[in-house]
Amino acid sequence: MYYYSLQINTNSSMIAEDVFKIMDVKDAILDKHIWEYILKEDIIDEHIDFIGIFSRLLKIKIGQLEGIGICKDMISIWYNYEYDGQCNIEFNANELKIIGELGITFCISCWQK
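Now for a quick tour of the structure. Keep in mind the model is a prediction, meaning the values are calculated, not measured.

1. Points about the overall build of the protein chain
1) Next: When its secondary structure is counted, the protein chain shows three helices and five strands.
2) Next: Reading the helices (α) and strands (β) of the protein chain from amino to carboxyl end gives β-α-β-β-α-β-α-β.
3) Next: Against the globule reference of 13 Å for 113 residues, the protein chain gives a C-alpha radius of gyration of 15 Å, in line with a compact fold.
4) Next: Its C-alpha atoms give the protein chain principal-axis dimensions of about 45 × 30 × 20 Å.
5) Next: Going through the 113 residues of the protein chain one by one, you find that 39% of them count as buried.
6) Next: For the protein chain, long-range pairs separated by at least 24 residues make up 68% of all intrachain contacts whose partners lie at least 6 apart in sequence.

2. Focus on the nonpolar core
1) Next: Core analysis: the largest hydrophobic core is formed by 31 residues, its most contacted members being Leu-6, Met-23, Trp-35, Phe-50 and Leu-65.
2) Next: Of all elements in the fold, only strand S1 (2–9), helix H1 (13–23), strand S3 (34–41), helix H2 (50–67), strand S4 (75–83) and helix H3 (93–102) reach the threshold of two or more residues within this core.
3) Next: No other element matches H2, which puts six residues into this core.

3. With respect to unusual backbone geometry
1) Next: Its identity is not glycine, yet Asp-24 carries a phi of approximately 50°, on the positive side.
2) Next: Locating Asp-24 in the fold gives a position in the loop between H1 and strand S2 (29–31).
3) Next: Here Asp-24 falls in the exposed class, since its relative accessible area comes to 62%.
4) Next: The phi angle at Lys-32 is positive, at roughly 55°, despite the residue not being glycine.
5) Next: Checked against the element boundaries, Lys-32 lands in the loop between S2 and S3.

4. Examining H3
1) Next: If you check which residues of H3 are buried, you get Glu-95, Ile-98, Ile-99 and Leu-102. Across the axial projection of H3, the buried residues extend over an arc of 95°, all falling on one side. In H3, the exposed positions that point more than 90 degrees away from the buried face belong to Ala-93, Gly-100 and Glu-101.
2) Next: Looking at the packing, one finds that the buried side of H3 touches H2 and strand S5 (105–112).
3) Next: Sitting at the amino-terminal end of H3 is Asn-92, which places a side-chain oxygen 3.0 Å from the backbone nitrogen of Asn-94.
4) Next: Looking one or two residues past H3, Gly-103 carries a phi angle of roughly 75°, positive in sign.

5. Observations concerning the packing of H1 against H2
1) Next: At their nearest, the axes of H1 and H2 sit 10 Å apart, and the two run at 135° to each other. Put simply, H1 runs oblique to H2. For the pair H1 and H2, the crossing hand works out as right-handed. Listed contacts from H2 to Val-19, Ile-22 and Met-23 of H1 are Leu-57, Leu-58, Lys-61, Gln-64 and Leu-65.
2) Next: Here the residues of the contact of H1 with H2 are counted per class, giving six nonpolar, one polar and one charged.

Calculation criteria
- Residues numbered from 1 in each chain as written.
- Predicted model: local features only at pLDDT ≥ 70, side-chain atom pairs only at ≥ 80, totals over all residues.
- Heavy atoms only, no water.
- Helix = DSSP H or I, 4+ residues; strand = E, 2+ residues; numbered from the N terminus.
- Rg over C-alpha atoms; globule rule 2.2 N^0.38 Å.
- Buried < 20%, exposed > 50% of the residue type's maximum accessible area, 1.4 Å probe, protein only.
- Contact = heavy atoms within 4.5 Å.
- Core = buried A, V, L, I, M, F, W, Y, C linked by side-chain atoms within 4.5 Å.
- Arc of directions from axis to C-beta.
- Polar contact = N/O pair within 3.5 Å; in protein donor to acceptor, adjacent residues only side chain to side chain.
- Axes fitted to C-alpha atoms, helices over the stretch in contact; angles between N-to-C directions.
- Parallel < 35°, antiparallel > 145°, perpendicular 65-115°, else oblique.
- Left-handed = near helix turned anticlockwise from the far one by under 90°.
- Nonpolar A, V, L, I, M, F, W, Y, C, P; charged D, E, K, R; others polar.

Rendered as structure tokens:
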């Protein structure tokens with residue numbers, strides 16, 4: 001199983017509420033000081049362009065987020081991957097360029113079934 005998340009860590013529940021309103025994502029989760037939007041992908045599903053989805057969302061909203069005190073170092077994209085036997089992850093140059101241009105943290109977490 002794969003799942004991807006866009007996380008915004010805040011320093012107060014009041015700012016977290018503001019992030020929730022600004023981001024305006026139906027399936028987002030707000031847990032204390034962390035806003036999170038999760039996309040899940042099963043092995044049988046087609047690949048989800050999570051980098052494209054998250055980057056487009058951030059490009060639209062980053063000005064508003066900065067306006068309430070959210071810095072880029074408070075934003076991260078997570079690639080979470082459960083594997084069997086061997087873990088191999090690959091990103092093309094364009095995907096890495098997009099993440100680099102956003103100036104946010106990219107995290108990878110893998111664990112064996």
